Amino acid sequence: MLVDAALNFGILAALGAVLYAAPSPLLNPSAVPFGVRVPPDKAGSAAVEEQRSRYRGAMLVAAAVVTVPASALGAVLGTPAAGVAGSLLLCALAAVLWVRAHRAIARAKAEGGWYEQTRQGAVVDTSLRTDPVRFPWGWTVPALAVIAVSVVAGIVVYPGLPDHLALPERSPGGTVYRTYPTSVWTAFGFVLGQVLLTLTMAATVAGLLRARADLDVARPVAGAARYRRYLTVTARSMMGIAALVDLMLLGLSALIWSDTRSTAMTLAVTGVPLVGVLAVTAWLVLRVGPFGSRLPQDTGEQSTGLVPRDDDRFWRGAGTVYVNADDPAILVPKRVGIGWTVNLGNPRSLVVVALVLAVAVGATVVQAVR
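These remarks concern the structure in this document. (Residues numbered from 1 in each chain as written. Predicted model: local features only at pLDDT ≥ 70, side-chain atom pairs only at ≥ 80, totals over all residues. Heavy atoms only, no water.)

**Regarding the overall build of the protein chain**
Then, number 1: Scanning the protein chain from N- to C-terminus turns up 10 helices and 8 strands.
Then, number 2: For the protein chain, the spread of C-alpha atoms along the three principal axes comes to 75 × 55 × 35 Å.
Then, number 3: The burial tally for the protein chain puts 42% of its 370 residues in the buried class.
Then, number 4: Contacts in the protein chain between residues at least 24 apart in sequence constitute 72% of all its contacts with a sequence separation of at least 6.
Then, number 5: A total of about 19,200 Å² of accessible surface is found on the protein chain, and carbon and sulfur atoms cover 69% of it.
Then, number 6: Treating the 31 positive side-chain charges of the protein chain as one cloud and the 21 negative ones as another, the clouds have centres 0 Å apart. (Helix = DSSP H or I, 4+ residues; strand = E, 2+ residues; numbered from the N terminus. Buried < 20%, exposed > 50% of the residue type's maximum accessible area, 1.4 Å probe, protein only. Contact = heavy atoms within 4.5 Å. Areas by Shrake-Rupley, 256 points an atom, 1.4 Å probe, with all protein chains shown as cover. Lys, Arg positive; Asp, Glu negative; His and termini not counted. Charge placed at Lys NZ, Arg CZ, Asp CG, Glu CD.)

So, in structure tokens, the structure goes:
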């Protein structure tokens with residue numbers, strides 16, 4: 001009971017902390033509080049801070065109200081399902097609070113005429129097309145090396161495997177093991193997952209290096225230089241994360257091949273790489289920031305006096321969905337969270353969506369076949 005209670009509590013506490021910090025500049029560009037584009041000098045205005053305070057206060061109460069009973073219920077029932085249900089409830093409450101804050105800031109922006117006395121502009125760095133940031137080929141070596149070790153080890157042990165393999169599966173009661181006839185699909189399922197993950201991550205990195213940049217219109221030269229450093233750091237980090245996840249899948253493959261069902265070993269082969277992934281992610285959030293906002297920048301450049309264009313009309317869903325048929329970009333910087341999102345107004349974005357669906361369907365087929 002204590003283990004189940006601790007597991008549910010940990011899941012809900014971590015999620016609650018992330019949702020509580022969601023409006024922070026740690027996780028969002030500072031000039032788009034709650035998904036609303038505002039002039040930089042209004043990012044810390046009283047109206048914005050009031051909505052942040054209201055959101056955080058309500059989120060703190062909601063997290064406390066949901067976490068305690070969900071953890072207790074999970075312990076009584078002996079299942080993480082209570083934690084999952086509590087997580088969904090917290091996310092739904094956070095979405096409602098976010099939409100309320102988004103509308104309040106948009107209303108304050110319109111009533112206060114925040115953009116009426118500003119000079120709006122946009123910056124394009126053509127060198128990002130003529131001389132783009134290079135793909136970090138060297139940083140793919142660790143992931144490829146882990147895959148190579150997995151393939152060689154699998155080929156060596158495959159002839160000696162038993163007729164049936166026990167594969168772990170998630171269930172409402174926790175991890176269970178089901179036996180399947182030994183085949184290439186069952187024995188090399190995680191290895192195929194490594195290949196698919198690495199290819200997907202590499203394709204994602206290649207696409208992000210060509211994505212539209214959101215540059216500082218006030219200091220465009222310094223902003224472009226900082227954005228290049230951000231792309232380099234992000235691309236390397238993503239390939240490093242791919243290597244860590246591949247290492248975890250190698251460990252899981254080894255457990256299956258050796259028929260090891262030790263909980264301690266399972267936690268070790270999954271926990272250590274995941275801690276590494278979390279460490280890289282935390283470093284990107286705390287030391288790099290959204291689009292490199294915390295990276296050093298040359299402050300000697302004279303300001304142009306421009307502010308980013310007010311483009312709220314192209315954003316739907318409280319700043320989470322971008323739809324602009326006149327924008328040729330497929331990937332654009334997110335307003336909510338860190339990273340990029342798809343321009344759903346561009347027909348070519350359907351290709352990106354189709355690829356994502358193909359990967360999901362492929363993973364499902366592999367799971368079903370094995």
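**A look at the environment of Asn28**
Then, number 1: By the secondary structure assignment, Asn28 is in the loop between helix H1 (2–21) and helix H2 (46–77).
Then, number 2: The exposure class of Asn28 is buried, given its relative accessible area of 4%.
Then, number 3: A sequence separation of 311 residues divides Asn28 from Gly339, and the C-alpha atoms of the two residues are 9.4 Å apart.

**As for the nonpolar core**
Then, number 1: Among the nonpolar cores identified, the biggest contains 29 residues, and Val205, Leu209, Tyr227, Tyr230 and Trp340 are the most heavily contacted of them.
Then, number 2: Trp340 has contacts with Leu208, Ala211, Arg212, Tyr227, Tyr230, Leu231, Thr234, Phe291, Leu331, Val332, Pro333 and Lys334, leaving out every residue within four places of it along the chain.
Then, number 3: Among the nonpolar cores identified, the runner-up in size contains 23 residues, and Ala43, Ala62, Ala94 and Trp114 belong to it. (Core = buried A, V, L, I, M, F, W, Y, C linked by side-chain atoms within 4.5 Å.)

**A look at the packing of helix H5 (residues 141–157) against helix H8 (residues 220–257)**
Then, number 1: Where H5 meets H8, the axes come as close as 8 Å, and the angle between the chain directions of the two elements is 10°. Between H5 and H8, the angle falls in the class roughly parallel. The handedness of the crossing between H5 and H8 is left-handed. The residues of H8 that touch H5, namely those facing Pro142, Ala143, Val146, Ile147, Val149, Ser150, Ala153, Gly154 and Val157, are Ala242, Ala243, Asp246, Leu247, Leu250 and Trp257.
Then, number 2: Split into classes, the residues belonging to the contact of H5 with H8 amount to 12 nonpolar, 2 polar and 1 charged. (Axes fitted to C-alpha atoms, helices over the stretch in contact; angles between N-to-C directions. Parallel < 35°, antiparallel > 145°, perpendicular 65-115°, else oblique. Left-handed = near helix turned anticlockwise from the far one by under 90°. Nonpolar A, V, L, I, M, F, W, Y, C, P; charged D, E, K, R; others polar.)

**Examining the pattern of salt bridges**
Then, number 1: For the coordinates displayed, the defined rule picks out 11 salt bridges.
Then, number 2: Note that Asp311 and Arg37 form a salt bridge whose closest N and O atoms lie 3.6 Å from each other. Separated by 274 residues along the polypeptide, Asp311 in the loop between strand E4 (306–308) and strand E5 (315–316) and Arg37 in the loop between H1 and H2 bring together distant segments of the chain. Like Arg37, Asp311 is buried.
Then, number 3: A salt bridge links Glu50 to Arg54; its shortest N-O distance comes to 2.8 Å. Of the two residues, Glu50 and Arg54 both sit in helix H2, 4 residues apart, roughly one turn of that helix.
Then, number 4: Here Glu50 falls in the partly exposed class, since its relative accessible area comes to 38%. (Salt bridge = Lys/Arg side-chain N within 4 Å of Asp/Glu carboxyl O.)

**Comments concerning the packing of aromatic side chains**
Then, number 1: Overall, the coordinates contain 12 aromatic pairs when judged by the stated rule.
Then, number 2: Plain terms: the ring middles of Tyr227 and Tyr230 are 6.2 Å apart, the flat faces sit at 40° to each other, and that makes the pair tilted. Residue Tyr227 and its partner Tyr230 are both found in helix H8; the two are separated by 3 residues, about one turn of the helix.
Then, number 3: A relative accessible area of 3% places Tyr227 in the buried class.
Then, number 4: An aromatic cluster is present here, built from Tyr227, Tyr230, Phe291 and Trp340 joined pairwise through their rings. (Phe/Tyr/Trp six-rings, centres within 6.5 Å; stacked < 30°, edge-to-face > 60°.)

**Some points on a nonpolar patch on the surface**
Then, number 1: Nonpolar side chains collect at one region of the surface, where Val323, Leu344, Val353 and Leu357 lie side by side and expose about 320 Å² of accessible area between them.
Then, number 2: Along the chain, the position of Val353 falls in helix H10 (residues 349–369).
Then, number 3: The class of Val353 is partly exposed, set by a relative accessible area of 34%. (Patch = residues over 30% accessible without salt bridge, like charges linked within 9 Å, V, L, I, M, F, W, Y side chains within 5 Å.)

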